[in-house]
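# Geometric and topological summary
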Number of protein chains: 2
Amino acid sequence: MSPQSLNELAKLILDCDNVSILTHKSPDGDCVGAGLALCYYLRSKGKKANVLNSDGIPKRYDFLSDGYEPQEFEEEYVISVDIADTQLLGDELIGYKDKIDLCIDHHRSNKNYAKKSFVDADASAACLILFELFEHMGEALDVKTASCLYTGIATDTGCFKFQNTTPSAHIAAAKLMQTGVDIEYINRRMFDIKSRGRIFAEQKVIGRMKFFEGDKIAVITLTNEMIDGYGIDRSELDGFASIPLTVEGVEIGVTLKQQKDANGVFKVSVRTTSADASKLCQTFGGGGHIRAAGCTIEGTAREVTKKIVNAAKRYL
Amino acid sequence: MSPQSLNELAKLILDCDNVSILTHKSPDGDCVGAGLALCYYLRSKGKKANVLNSDGIPKRYDFLSDGYEPQEFEEEYVISVDIADTQLLGDELIGYKDKIDLCIDHHRSNKNYAKKSFVDADASAACLILFELFEHMGEALDVKTASCLYTGIATDTGCFKFQNTTPSAHIAAAKLMQTGVDIEYINRRMFDIKSRGRIFAEQKVIGRMKFFEGDKIAVITLTNEMIDGYGIDRSELDGFASIPLTVEGVEIGVTLKQQKDANGVFKVSVRTTSADASKLCQTFGGGGHIRAAGCTIEGTAREVTKKIVNAAKRYL
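Quantities reported herein were computed from a predicted structural model and do not represent experimental measurements.

Criteria and cut-off values
Residue positions are given per chain, counted from 1 along the sequence in the order it is written. Each chain takes a letter, starting from A, and each ligand takes a number, starting from 1, following the order in which they are written. Since the coordinates come from a predicted model, pLDDT governs what is reported: local features require at least 70, and pairs of side-chain atoms require 80 or more to be given and counted, while whole-chain, interface and lining totals use all residues. Note that water and hydrogens are dropped before the side-chain values are worked out from all heavy atoms of the structure. Should any heavy atoms of two residues lie within 4.5 Å, those residues are considered in contact. Reported buried area values correspond to the accessible surface (1.4 Å probe) lost by two parts on association, with both partners' losses combined. In this description a helix means any DSSP run of H or I spanning at least four residues, a strand means any run of E spanning at least two, and both kinds are numbered starting from the N terminus. Residue polarity is assigned by list, with Asp, Glu, Lys and Arg as charged and Ala, Val, Leu, Ile, Met, Phe, Trp, Tyr, Cys and Pro as nonpolar; anything else, Gly included, falls into the polar class. A pair is scored as a salt bridge if a Lys or Arg side-chain nitrogen falls within 4 Å of a carboxyl oxygen belonging to Asp or Glu. When a residue's accessible area, from a 1.4 Å probe over protein chains only, is under 20% of the maximum for its type it is buried; when over 50% it is exposed; and in between it is partly exposed. Strands are labelled as partners when DSSP assigns at least two bridges between them. Handedness is read with the strands pointing away from the viewer; a crossover is right-handed when the path from the first strand over the helix to the second is clockwise. Here a pair means two rings of Phe, Tyr or Trp (six-membered ring of Trp) with centres within 6.5 Å. Their orientation is stacked below 30 degrees between planes, edge-to-face above 60, and tilted elsewhere. C-alpha atoms of residues with pLDDT of at least 70 in both copies form the basis for the least-squares superposition of the copies. Each domain's limits were defined by an automated method or a database of domain assignments. What qualifies as a polar contact is a pair of N or O atoms within 3.5 Å, subject to a donor-acceptor requirement within protein and to the restriction that residues adjacent in sequence count only when both atoms come from side chains.

## Notes on the interface of chain A and chain B
Facing 39 residues of chain A, the contacting portion of chain B comprises 39 residues. Here chain A packs against chain B, burying approximately 3,300 Å² in sum over the two surfaces, 59% of which is carbon and sulfur. Among the residues chain A hides against chain B, the three largest losses belong to Lys161, His170 and Glu184 of chain A. Together they make up 19% of the total. Looking at the side of chain A that touches chain B, the elements that each hand over two or more residues are helix 6 (167–177), helix 7 (183–192) and helix 8 (196–207) of chain A. Classifying every residue of the side of chain A that touches chain B gives 18 nonpolar, 12 polar and 9 charged.

The following block contains the structure:
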């Protein structure tokens, strides 16, 4: 039976050993932070654990994985963190799809694919669930584990800016800071600093933004040609999805990102001020949160724009 | 004698009536939020109070001042909030400079100009001091007053991102949220939404950014000609000062803003990753916080750039 309380979740965590921790493809701060925090915690208890990711952990998180080395062991237990759906395992980890013992997640759209699941859809981040778990267990966190958890909470809430920010997220931040987390460094790195290539790409993309339905829907497009042209790493493209919604009056912001090595497929990110982005993306087999969701649509940039805008209209 | 504790500050607040609350010129979220919160609180106690500002309260804060009407009364007590120096009173309020009964502020550089001062330089915002005061007094805040305080704390900490963010700031946010503050609306309005004019201006300014000292110092310039050309209100220029520091590798970011109606004078904002911005700006008679400070320098854009860059070099 799935754990019904932090107490039951704690038991599972304390009982397991030789653990593979799975994180989702196109990793973000929350899955990286949660994966590493759980790994560091398990290792601190003398257990063996590794964090796995189909795409590898992007360079921008290397201050969290600094000193992390994979361990050799015979895998006994598999935990997924921040993964709503086995589709998100990615090519390298898809073989795990029926072998996941425990899923710890905060997505309302979680597909309940694991043998046991602990899903708290009210939690701002998977890292917030882990913070509350460790606190419940009475564990004093070291600054590295705390930095992982802080990073996940900060990135998933847009630095405490988005609608999913809860009082609990703020209280967790306050407590994590007290372990000595360098929040200025982390936030500058996660939210502010951009390479010149990224800044140049932003300028171009903003200049080409398209508006629909009385300027209430805005669409930006990143093609492989553009990404290659700006000489930026795909992991640097994280914040682009929030750009369209920064324009006064826009209610649904859409970002199309051409899939690497597949020019006929676009990853579509939707951000909304009030519409249900998750429902909109479900139309195309995707999902996510109410104000931030995603899906994949096939076609040219023009075709994909038409499809998503036509569907989005009904949500205005 | 100046109040030495929240208890003594509370006594002064409870004793005063017919209060003029002064806020600083070029008003920001913290002085507007603190001024209005204090005003709403005093009025809720049956006292008369007004908030005064040399430049008027910018439109972007009208969700906080909605329903606020000036009251008629014979002024008995004058409180300044978030004002480090009487220079910041501005033309309309400069006559108050020797008549300020109580100053409530969080700037380390506070000039101690008032008859009584309560300065907590460790507080992330003037609004945080007021939050802690009201909490100390056991006051239940209404959602409007709470929204004012949240806005001040959020804007002065860059939405809990800057080095001045303390655990207390997070805890205040958690408690203020519980009164029903619409943080998503406030943060979108304060941090995300930009007019098309503003977005266009940003693109241009970024395109013309100048780099010095191995790209460790970056300077952007806003002239009156540019501001007029983009058709944007000066109050929309608030976040520009943080732009130079978003470029990878930049350690000192400088923003020159030509003074309205005075082409030979520039307001200089300095943001740093580790250098002491306050000390740097003090060289030119300015001041502020360690990572964010400002000063005024006379000359052409080229001359002012040369002066500030030459001074900044020594802080790398």
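## Here's the deal with the pattern of salt bridges
Where charged atoms from two side chains of opposite charge approach closely, those side chains can pair. Across all of its chains, the model carries 24 salt bridges over all chains by this definition. Between aspartate 192 of chain B and lysine 161 of chain A there is a salt bridge, with the nearest N and O atoms lying 2.8 Å from each other. Linking aspartate 192 of chain B in helix 7 (residues 183–192) with lysine 161 of chain A in the loop between helix 5 (143–156) and helix 6, this pair reaches from one chain into another. Each member of the pair, aspartate 192 of chain B together with lysine 161 of chain A, is buried. The partner of lysine 194 of chain B in a salt bridge is glutamate 202 of chain B, with the nearest N and O atoms 3.0 Å apart. Overall, glutamate 202 of chain B belongs to the buried group, its relative accessible area being 11%. When salt bridges with common partners are traced through the structure, they connect Lys194, Arg198 and Glu202 of chain A into a single cluster.

## Here we look at the pairing of strand 1 (residues 19–22) of chain B
All names here are of chain B. Side chains Val19 and Ile21 of strand 1 all project onto a buried face; the interleaved residues Ser20 and Leu22 project onto the opposite face, where all are buried too. The sheet contact formed by strand 1 and strand 2 (residues 49–52) spans 4 bridges and is parallel. Bridge pairing links leucine 22 to leucine 52 in strand 2. Crossover connection from strand 1 via helix 2 (residues 29–44) to parallel strand 2: handedness right-handed.

## Quick word on the packing of aromatic side chains
Aromatic ring pairs are defined here through the distance separating the ring centres and the angle between the ring planes. This structure, assessed with the given rule, holds 7 aromatic pairs over all chains. Arranged with centres 6.1 Å apart and planes meeting at 50°, the rings of tyrosine 150 of chain B and phenylalanine 160 of chain B form a pair that is tilted. Of this pair, tyrosine 150 of chain B sits in helix 5 (residues 143–156) while phenylalanine 160 of chain B is found in the loop between helix 5 and helix 6 (167–177), placing the two residues 10 residues apart along the sequence. Through a chain of ring-to-ring contacts, the aromatic side chains of Tyr150 and Phe160 of chain A together with Tyr150 and Phe160 of chain B assemble into a single cluster.

## Considerations on the pairing of strand 9 (residues 262–272) of chain A
Residues and elements named next belong to chain A. Examined bridge by bridge, strand 8 (residues 252–259) and strand 9 share 8 bridges and lie antiparallel to one another. Considered in strand 9, the bridge of lysine 257 is made with lysine 267. Taken together, strand 8 and the strand that follows it, strand 9, pair antiparallel across an intervening segment of 2 residues, in which aspartate 261 is found at a positive phi of about 60°. As paired elements, strand 9 and strand 11 (residues 292–298) share 7 bridges and run antiparallel to each other. Following the sheet pairing, arginine 271 is matched in strand 11 by alanine 292.

## Observations regarding the relation of the copies chain A and chain B
With an axial shift of 0.0 Å and an RMSD of 0.1 Å, the rotation relating chain A to chain B amounts to 180°. The superposition of one copy onto the other is thereby described by a two-fold rotation axis. For chain A, the minimum C-alpha distance to the rotation axis belongs to histidine 170 of chain A and amounts to 2.5 Å.

## A short note on helix 6 of chain A
Listed as buried for helix 6 of chain A are Ala169, His170, Ala172, Ala173, Ala174, Leu176 and Met177 of chain A. Each element contacted by the buried residues of helix 6 of chain A is listed here: helix 4 (126–136), helix 5 and helix 7 of chain A together with helix 6 of chain B.

## Here we look at the domain arrangement of chain A
Residue and element names in this part refer to chain A. Once the domains are mapped, chain A shows domain 1 (3–190) and domain 2 (196–313). Placing a centre on the C-alpha atoms of domain 1 and another on those of domain 2 gives a separation of 27 Å. Contact with domain 1, which involves 7 residues of that partner, is made by 5 residues of domain 2. Summing both partners gives a buried area of about 650 Å² for domain 1 against domain 2, and 49% of it is carried by carbon and sulfur. Contact with domain 2 buries surface across domain 1, with Arg60, Ser109 and Gln163 losing the most and accounting together for 47% of the total. For the pair domain 1 and domain 2, the number of links is 0 salt bridges. The interface formed by domain 1 and domain 2 contains 1 residue pair in polar contact (both at pLDDT 80 or more). Tallied by class, residues from the side of domain 1 that touches domain 2 come to 2 nonpolar, 4 polar and 1 charged.

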